[in-house]
Amino acid sequence: MKPAAFDYTVPRTVAEAVEALGDTERRAQVIAGGQSLILEMHLQRIRPELVVDINRIPELDGMSAEGGELRVGALVRHAAFESPDAVPGPLGTLLAQAVVNIAHPPIRSRGTMVGSYGWAHPASEWCAVGVALDATVELTGPDGDRSVAAGDYFLGPFRTARLPQELITAVRLPLLGEDTGASFVEHRRTHFCFAQVAVGTTLTVDDGVISDVRIGLVNSADRPVRARAAEDVLRGTELGPLPAGHRVHDDHPFARAGRVAAGQDAAPLPEPFADADYKRHIVSVLVARTLLEAANDRRARLAVREGDHR
Ligand SMILES: Cc1cc2nc3c(=O)[nH]c(=O)nc-3n(C[C@H](O)[C@H](O)[C@H](O)COP(=O)(O)OP(=O)(O)OC[C@H]3O[C@@H](n4cnc5c(N)ncnc54)[C@H](O)[C@@H]3O)c2cc1C
């Protein structure tokens, strides 16, 4: 199919983009990478009267690390995160492990992290990572700027707290300290499918005790989920020796957290090749696995640091 007829504008500043979006008499859509929007327009599931192309707005490009946060501008492509060194510390590891699961290289070279927040697909890797880490969504509209916590931003499949006349200018993520480990693991039918379930986890340990843990669930509900009940199982418990291999015993706290995430945090919607019970099972397995991998990642990070000091 071909898209319905639409007008097209290419603003050069955020103010011009917001002015174009502010014309609420017309159904306007921002285009960033176009990797979701163009498909939806071709299928005529979205029929904007005006497409606002933000690709010529320099102030939306680039990422910066300041004040303990990584600020990702609205034009930063998925591919920018493919190297674990693109972002310092464990956050770089987490983003690099997550990004390779997003579609394939041509899509990653055009699609944007912020565009994923605009689209709000429940199977988006970025959105679940953002919810787990308490990311902040920066919005600019006719009434000025505002920030929304990622946990309050996602309202359901393709539904967010963004007003139609607002532009997302950036997403901010907390940079993680070296005493944190990270892991992201995805389960899907074929390489090019969206995730059936994926999990992104960070684990921080102080004096042998788990002081912080973040678990983000992808495609495990109608929106990205932070698995708070599972996190509560672990916070304040002793880490103890780590088992060898990729699996933990059923009695291990990581396995218990996996079961809690599956039973209390996830609310999966059935799909043609994955019913809700199957998805819950995968949540349980992947939560335990990412916790173990995050703990191993932290241990490896500390070993490197101690080696550097010798
Ligand atoms: C074959 C295929 C496989 C894919 N697989 C995955 C996958 O596994 N995981 C995944 O997460 N995604 C996947 N995607 C989607 C892809 O990652 C998109 O790049 C992403 O969803 C949106 O980014 P974009 O920059 O292309 O946004 P666009 O397509 O340009 O926009 C998407 C929506 O967000 C809005 N929007 C974009 N930027 C802004 C902004 N700054 N302010 C306000 N609104 C904005 C647009 O108006 C539109 O409604 C896949 C896409 C395809 C075609």
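Since the structure is predicted, the reported quantities are computational estimates derived from the model, not experimental observations.

**Student:** Describe in detail the overall build of the protein, supporting the description with residues and values.
**Tutor:** A count of helical and extended segments in the protein gives 10 helices and 14 strands. In terms of overall dimensions, the protein is globule-like: its C-alpha atoms have a radius of gyration of 20 Å, near the 19 Å expected for 310 residues. Reported as C-alpha extents along the three principal axes, the dimensions of the protein are approximately 60 × 50 × 35 Å. Here the protein, with 310 residues, has 50% of them falling under the buried criterion. Surface exposure of the protein reaches about 14,300 Å², of which carbon and sulfur atoms provide 51%. In the protein, 33 side chains carry a positive charge and 41 a negative one; their mean positions are 5 Å apart.

**Student:** Give me the pairing of strand S7 (residues 144-149): which residues, what numbers.
**Tutor:** Note: strand S6 (residues 136-141) against S7, 6 bridges, orientation antiparallel. Paired with Gly141 across the strands is Gly144, a residue of S7. The loop that links S6 with its antiparallel partner S7 comprises 2 residues.

**Student:** An account of the layout of surface pockets is needed here, citing residue identities and associated values.
**Tutor:** Looking at the largest pocket, its volume works out to about 1,200 Å³. Together, 48 residues line the largest pocket, and Ser36, Leu37, Gly115, Gly118 and Trp119 are the ones closest to its centre. Residue composition of the lining of the largest pocket, grouped by class: 24 nonpolar, 16 polar and 8 charged. In this structure, the second largest pocket occupies an estimated 270 Å³ of space. Every residue lining the second largest pocket is listed: His246, Arg247, Val248, Asp250, Ala255, Arg259, His281, Ser284, Val285, Ala288, Arg289 and Leu292. Those elements that provide at least two residues to the lining of the second largest pocket are helix H9 (253-265) and helix H10 (276-309). Here the lining of the second largest pocket takes 6 residues from H10, the largest share from any one element. Of the residues contributing to the lining of the second largest pocket, the split by class is 5 nonpolar, 3 polar and 4 charged.

**Student:** Outline the site of the ligand, listing residues and values.
**Tutor:** The environment of the ligand is formed by 29 residues, the closest being Gln29, Val30, Gly34, Leu37 and Thr112. Val30 has a polar backbone atom sitting 2.6 Å from an oxygen atom of the ligand. Here His78 contributes a side-chain N or O atom positioned 3.0 Å from an oxygen atom of the ligand. When isolated, the ligand has an accessible area of 970 Å², and the protein chains bury 92% of it. The cavity where the ligand resides is the largest pocket. Taken together, the elements giving at least two residues each to the shell around the ligand come down to strand S2 (28-31), helix H5 (113-119) and strand S10 (167-174). The dominant element in the shell around the ligand, judged by the number of residues it contributes, is H5, at 5 residues. Of the residues that constitute the shell around the ligand, the class distribution is 14 nonpolar, 13 polar and 2 charged. The two domains that each donate at least three residues to the shell around the ligand are domain 1 (7-53) and domain 2 (58-174).

What counts, and where the lines are drawn
Residues numbered from 1 in each chain as written. Predicted model: local features only at pLDDT ≥ 70, side-chain atom pairs only at ≥ 80, totals over all residues. Heavy atoms only, no water. Helix = DSSP H or I, 4+ residues; strand = E, 2+ residues; numbered from the N terminus. Rg over C-alpha atoms; globule rule 2.2 N^0.38 Å. Buried < 20%, exposed > 50% of the residue type's maximum accessible area, 1.4 Å probe, protein only. Areas by Shrake-Rupley, 256 points an atom, 1.4 Å probe, with all protein chains shown as cover. Lys, Arg positive; Asp, Glu negative; His and termini not counted. Charge placed at Lys NZ, Arg CZ, Asp CG, Glu CD. Pairing = 2+ DSSP bridges. 1 Å grid on protein atoms, 1.4 Å probe; cavity = no way out; pocket = protein on both sides within 12 Å on 5 of 7 lines; lining within 4 Å. Points joined across faces, edges and corners; volume = space filled by probe spheres on them. Nonpolar A, V, L, I, M, F, W, Y, C, P; charged D, E, K, R; others polar. Near = heavy atom within 4 Å. Polar contact = N/O pair within 3.5 Å; in protein donor to acceptor, adjacent residues only side chain to side chain. Sits in = over half its atoms within 2 Å of the grid points. Domains from an automatic or database assignment.

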